[in-house]
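Listed here are the chains, written in short residue letters.
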Amino acid sequence: MNTTDRILEIESLTKIYGKGSTKTEALKGISFEVLEGEFLGIMGASGSGKTTLLNCIATMIKPSSGKVVLRGQDISGFRGAKLANYRGKEIGYLFQEFELLDNLTAEENISLPMALHGVTAKAAKADILKWASMLDIADVLDKFPAQMSGGQKQRVAAARALISNPEVVLADEPTGSLDSKNSKILMEKLAEVNRKQHKTILMVTHDANAASYCSRILFIQDGSVFHELRRSLEKENRAAFYERIVAVMAQLGGGSANVL
Ligand code: ADP
Ligand code: MG
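The structure displayed is predicted, hence computed values, not measured ones.

Caption draft 1: Molecular detail of the packing of helix α5 (residues 150-162) against helix α6 (residues 180-196). Closest axis-to-axis distance for the α5/α6 pair is 9 Å, and the angle between their directions is 20 degrees. With respect to α6, the element α5 is oriented roughly parallel. Judged by the sense of rotation from one axis to the other, the crossing of α5 with α6 is right-handed. Contact residues: G151, Q154, R155 and L162 in α5; N182, I185, L186, K189 and V193 in α6. Here the residues of the contact of α5 with α6 are counted per class, giving 4 nonpolar, 3 polar and 2 charged.

Okay, here's the thing in structure tokens:
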């Protein structure tokens, strides 16, 4: 493998919350790589450290030890403008609960990251329209979050995560608050963004169906990787990949309840 294929390297990452009797080791030296253009899924039981992992990558929390390396650069060394640029432009974040601002329209929510980086609404307009069309939210751009369905809100949040053309999109249970119909729409859109716009996506999920859109899945347990599944997009259809995911989930500790 060519090193330029690696967009993100997670090296022996640990995170310990609290001290003494309240100490929790959320990440226990997890290591893996994310390749450019990959749609990587991370699956694991509730409490297995998935959100902690994404938050370390996004610099929302600081790991206790280990490294997050973006294109060969250790992000812990980023300060000032470089750190702001990393958070605002190189990483896009999609949350389970959308996290839209209620008093802004969809368009204003989407353009907020651009505004924070000094791009005028006018200059951002072409990009907003491009992503709105791709994500099928062009007709809600003037609406406020309260006037949108959950599915529309999540696709607006996806546009906001993509608008600054980030290197990597991090998604934490993005279908977790959606019904099955809207989950399917969102996953189809994310898969299209991955394929057609060559966006690298790192998605955490509980949901085997959502995970079946990925090209590779890492299963984490107790803060480290214990299994990996890869899908050849040409050779294996989504339904077959889904069956393999469910089989791994079922093997773990005697039932999928352990992963779900
Ligand atoms: P997941 O997203 O896989 O459900 P999390 O990363 O949220 O897992 O949590 C991993 C572990 O760390 C859990 O045991 C959780 O209770 C603990 N944890 C998460 N955030 C904190 C925090 N801010 N303070 C203390 N413990 C935390
Ligand atoms: Mg979580």
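Caption draft 2: Layout of the nonpolar core. Ranked by size, the top nonpolar core spans 46 residues in total, and within it F39 and I245 carry the most contacts. Setting aside chain neighbours within four positions, we find I245 in contact with M43, A208, A211, S212, I217, F219 and L229. Residues L70, L83, L170 and L218 belong to the second largest nonpolar core, which totals 29 residues.

Caption draft 3: Up close: the sheet that holds strand β4 (residues 65-70). Spatially, 4 strands are ordered β2-β1-β4-β5 in an open sheet, and the strand pairing comes out antiparallel. The sheet terminates laterally at β2 (24-35) and β5 (73-74), the two strands that pair on one side only. In this sheet, β4 lies alongside strand β1 (residues 6-17) in antiparallel orientation, the contact comprising 5 bridges. Within β4, the residue paired with L8 across the bridge is L70. Packing of helix α1 (residues 50-57) onto the sheet brings it into contact with β1, β2 and β4, and relative to β1 it is tilted by some 120 degrees.

Caption draft 4: Spotlight on the pairing of strand β9 (residues 216-221). Within β9, 5 of the 6 residues are buried, leaving the element largely enclosed by the surrounding structure. Inspection of the sheet shows strand β3 (residues 39-44) paired to β9 by 5 bridges, in the parallel sense. Each residue of the ladder has a partner; that of G44, found in β9, is I220. In this sheet, strand β10 (residues 224-230) lies alongside β9 in antiparallel orientation, the contact comprising 6 bridges. For I217, the partnering residue across the bridge sits in β10 and is L229. Hairpin geometry of β9 and β10 is characterised by an intervening segment of 2 residues between the two adjacent antiparallel strands and by a positive phi of about 50 degrees at D222.

Caption draft 5: Spatial organisation of unusual backbone geometry. The phi dihedral of E99 is positive, around 55 degrees, even though this residue is not glycine. Here E99 shows up in the loop between β6 (91-94) and α3 (106-116). Given the relative accessible area of 46%, E99 is considered partly exposed. Residues other than glycine seldom take positive phi values, yet N165 does so here, at roughly 55 degrees.

Caption draft 6: Up close: the packing of α3 against α5. Look at α3 against α5: their axes get within 7 Å of each other, and the N-to-C directions meet at 25 degrees. Between α3 and α5, the interaxial angle falls into the category roughly parallel. The interaxial crossing formed by α3 with α5 has right-handed handedness. On α5, the residues that touch A106, N109, I110 and P113 of α3 are V156, A159 and R160. A breakdown of the residues in the contact of α3 with α5 according to their chemical character gives 5 nonpolar, 1 polar and 1 charged.

Caption draft 7: Quick look at the site of ligand 1. Close to ligand 1 lie Y17, T24, A26, A45, S46, G47, S48, G49, K50, T51 and T52. Here an oxygen atom of ligand 1 and a backbone polar atom of S48 are 3.2 Å apart. Interatomic distance of 2.9 Å between a side-chain N/O atom of T51 and an oxygen atom of ligand 1. Across the complex, the protein chains shield 57% of the 570 Å² of accessible surface that ligand 1 would expose by itself.

Analysis parameters
- Residues numbered from 1 in each chain as written.
- Chains lettered and ligands numbered in written order.
- Predicted model: local features only at pLDDT ≥ 70, side-chain atom pairs only at ≥ 80, totals over all residues.
- Heavy atoms only, no water.
- Axes fitted to C-alpha atoms, helices over the stretch in contact; angles between N-to-C directions.
- Helix = DSSP H or I, 4+ residues; strand = E, 2+ residues; numbered from the N terminus.
- Parallel < 35°, antiparallel > 145°, perpendicular 65-115°, else oblique.
- Left-handed = near helix turned anticlockwise from the far one by under 90°.
- Contact = heavy atoms within 4.5 Å.
- Nonpolar A, V, L, I, M, F, W, Y, C, P; charged D, E, K, R; others polar.
- Core = buried A, V, L, I, M, F, W, Y, C linked by side-chain atoms within 4.5 Å.
- Buried < 20%, exposed > 50% of the residue type's maximum accessible area, 1.4 Å probe, protein only.
- Pairing = 2+ DSSP bridges.
- Near = heavy atom within 4 Å.
- Polar contact = N/O pair within 3.5 Å; in protein donor to acceptor, adjacent residues only side chain to side chain.
- Areas by Shrake-Rupley, 256 points an atom, 1.4 Å probe, with all protein chains shown as cover.

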